[in-house]
Amino acid sequence: MATIAIVMSTYNGQTFLEEQIKSILGQSFSDFRLYIRDDGSKDGTLSVINRLAKYDSRITVVSDDASGHNKNIGFGGSFAMAGAFALADDKEFKYLAFCDQDDVWETGKLQAAVDKLSGVDSNTPGLFASNYYICDEWLNVNGTFCDNNPMDKVTFQNMFFEGVFPGFTLVINRCLATMAFLNDYSKDIYYHDKWVSLIALGLGGEIIYDAAPLAKYRRHSAAASSTNLGMMAKIKWRINTVLNGDFCPRTKMMLECFDKLFSDKVDASTKDFLKLFAGKNRMKKIFYPKALRRSVSGEILLRIIILLGKL
């Protein structure tokens, strides 16, 4: 049994995967198990995973069946499946960390998380997030994510419509992992990082931010994130994703799932918000009195999206 379960989902990530895994295996806090679920890669990703698993017994390859070749279900469902597998496989781990396939962790990342989360009651949802270095494809540092706490002015309501913490920065306690993944809905949640953050915030959990950069985020053309894009490209990406992509149906799904699972555990105001935005009353949504985004431009865009009936 290990103190930390690390869950990773991979897809066509052979180029940078070995470097990422070796940065995990070299952590100063070594009492962990790394659960890797490949999401149906077509390249040599699975070969890299299997080779490294033979090298280090702390790696567990998560297989859907005896064939060892998993079906592609998308990274949200893949992370949820890996998380549920880890909870079933190890009944005693205290913390669960998320890991992407193409970044590099600083040596003390896990130790920093354990030091901070150890002060959170085991029956309270606990979430640790950290700053990180923003790097180019060759890991040359170009800046950092946020030197101040990014949770400033974040509410439960606006977290539904904008992300705060990237998944690879997160370590959560077992209480939060159980809430997030041992249910019938988590497999349908696309944004696993937003999902656990919402549960922690909405259910009175403790969210801890470490301003020390504890990972190197690699920006490259194949990364599954808008962080790679320049300003104008990012604006176009957001508009296209919101109006023509999956942002709206995925957000609706998350609202509905949270409402079904946790509506009896939140206050009356939050319960009213969940019922309203999981429903179809467009006018009440448009004139909802609380801010739904932290920026004025984001707020205006979101209200227009609601007016168009997209959300």
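Residues numbered from 1 in each chain as written. Predicted model: local features only at pLDDT ≥ 70, side-chain atom pairs only at ≥ 80, totals over all residues. Heavy atoms only, no water.

This paragraph deals with the UniProt feature "domain: Glycosyltransferase 2-like" (unreviewed entry) in the chain. Sequence positions flagged by UniProt for "domain: Glycosyltransferase 2-like" (unreviewed entry) are, in local numbering, residues 6–118. The straight-line gap between the two end C-alpha atoms of residues 6–118 is 17 Å; of that span, 42% is helix and 19% is strand. (UniProt positions renumbered as here; feature names shortened; annotations may be inferred. Helix = DSSP H or I, 4+ residues; strand = E, 2+ residues; numbered from the N terminus.)

Attention shifts here to the packing of aromatic side chains. A complete count under the given rule lists 23 aromatic pairs for this structure. Between Phe168 and Tyr217, the aromatic rings sit 5.6 Å apart at their centres with planes inclined by 10°, giving stacked as the arrangement. In this pair, Phe168 sits in the loop between helix 5 (156–159) and strand 8 (171–173) while Tyr217 sits in strand 9 (residues 206–218), placing the two residues 49 residues apart along the sequence. Of the two residues, Phe168 and Tyr217, both sit in the buried class. Each residue in the set Phe156, Phe160, Phe161, Trp195, Phe258, Phe262, Phe273, Phe277 and Tyr288 is aromatic and connected to the rest through ring pairs, giving one cluster. (Phe/Tyr/Trp six-rings, centres within 6.5 Å; stacked < 30°, edge-to-face > 60°. Buried < 20%, exposed > 50% of the residue type's maximum accessible area, 1.4 Å probe, protein only.)

Below, the discussion takes up the pattern of salt bridges. Scanning all chains against the criterion turns up 13 salt bridges. In this structure, the salt-bridge partner of Arg37 is Asp39, at a minimum N-O distance of 2.8 Å. Judged by its relative accessible area of 0%, Arg37 falls in the buried class. A salt bridge links Arg293 to Glu162; its shortest N-O distance comes to 3.4 Å. Taken together, the residues Arg293 in the loop between helix 11 (282–286) and helix 12 (296–307) and Glu162 in the loop between helix 5 and strand 8 connect sequence positions 131 residues apart. Taking relative accessible area as the criterion, Glu162 reaches 12% and is therefore assigned buried. Each member of the salt-bridge network shares a partner with another, and the members are Glu18, Lys22 and Arg51. (Salt bridge = Lys/Arg side-chain N within 4 Å of Asp/Glu carboxyl O.)

As a further point, take the packing of helix 7 (residues 192–202) against helix 9 (residues 247–262). Packing of helix 7 against helix 9 brings their axes to within 12 Å, and their N-to-C directions diverge by 35°. Handedness of the crossing formed by helix 7 with helix 9: right-handed. On helix 9, the residues that touch Lys194, Trp195, Leu198 and Ile199 of helix 7 are Phe247, Met254, Cys257, Phe258, Leu261 and Phe262. (Axes fitted to C-alpha atoms, helices over the stretch in contact; angles between N-to-C directions. Left-handed = near helix turned anticlockwise from the far one by under 90°. Contact = heavy atoms within 4.5 Å.)

Once that is clear, we can look at the pairing of strand 6 (residues 126–135). With nine of its ten residues buried, strand 6 lies for the most part within the structure. Looking at chain direction, strand 6 and strand 9 are connected through nine bridges and run parallel. Of the residues in strand 9, the one forming a bridge with Ala129 is Tyr209. Looking at chain direction, strand 6 and strand 8 are connected through two bridges and run antiparallel. Across the sheet, residue Phe128 finds its bridge partner in strand 8, namely Val171. Here strand 6 pairs with strand 7 (residues 141–144) via three bridges, running antiparallel. Paired with Tyr133 across the strands is Thr144, a residue of strand 7. Once strand 6 ends, the chain turns through five residues before running back antiparallel as strand 7, passing Leu139 with a positive phi of about 70°. (Pairing = 2+ DSSP bridges.)

A cluster of nonpolar side chains, Val296, Ile300, Ile304 and Leu308, forms an exposed patch at the surface whose accessible area comes to about 400 Å². Relative to the helices and strands, Ile300 is located in helix 12. (Patch = residues over 30% accessible without salt bridge, like charges linked within 9 Å, V, L, I, M, F, W, Y side chains within 5 Å. Areas by Shrake-Rupley, 256 points an atom, 1.4 Å probe, with all protein chains shown as cover.)

Moving on, we come to the environment of Asp188. Mapped onto the elements of the fold, Asp188 is located in the loop between helix 6 (174–181) and helix 7. What makes Asp188 partly exposed here is its relative accessible area of 40%. Separated by 105 residues in the primary sequence, Asp188 and Gly83 place their C-alpha atoms 14 Å from one another.

For the rest of this paragraph, the subject is the side chain of Glu299. Of note, Glu299 is situated in helix 12. Engagement of the side chain of Glu299 in a polar contact is seen with the backbone nitrogen of Arg293, the distance being 2.7 Å. (Polar contact = N/O pair within 3.5 Å; in protein donor to acceptor, adjacent residues only side chain to side chain.)

Okay, the state of the cysteines next. Note on terminology: disulfide describes a covalent bond linking the sulfur atoms of two cysteines. Counted under the stated rule, the structure contains zero disulfides. Lacking any disulfide linkage, Cys135 is separated from the closest cysteine sulfur, that of Cys99, by 15 Å. The cysteine Cys257 is free of any disulfide, with Cys248 supplying the nearest cysteine sulfur at 16 Å. (Disulfide = S-S within 2.5 Å.)

Quick look at unusual backbone geometry now. In this structure, Asn12 is a non-glycine residue whose phi angle is positive, near 45°. Of note, Asn12 is situated in the loop between strand 1 (4–10) and helix 1 (14–25). Judged by relative accessible area, Asn12 falls into the partly exposed class, the value being 33%. Residues other than glycine seldom take positive phi values, yet Leu139 does so here, at roughly 70°. Along the chain, the position of Leu139 falls in the loop between strand 6 and strand 7.

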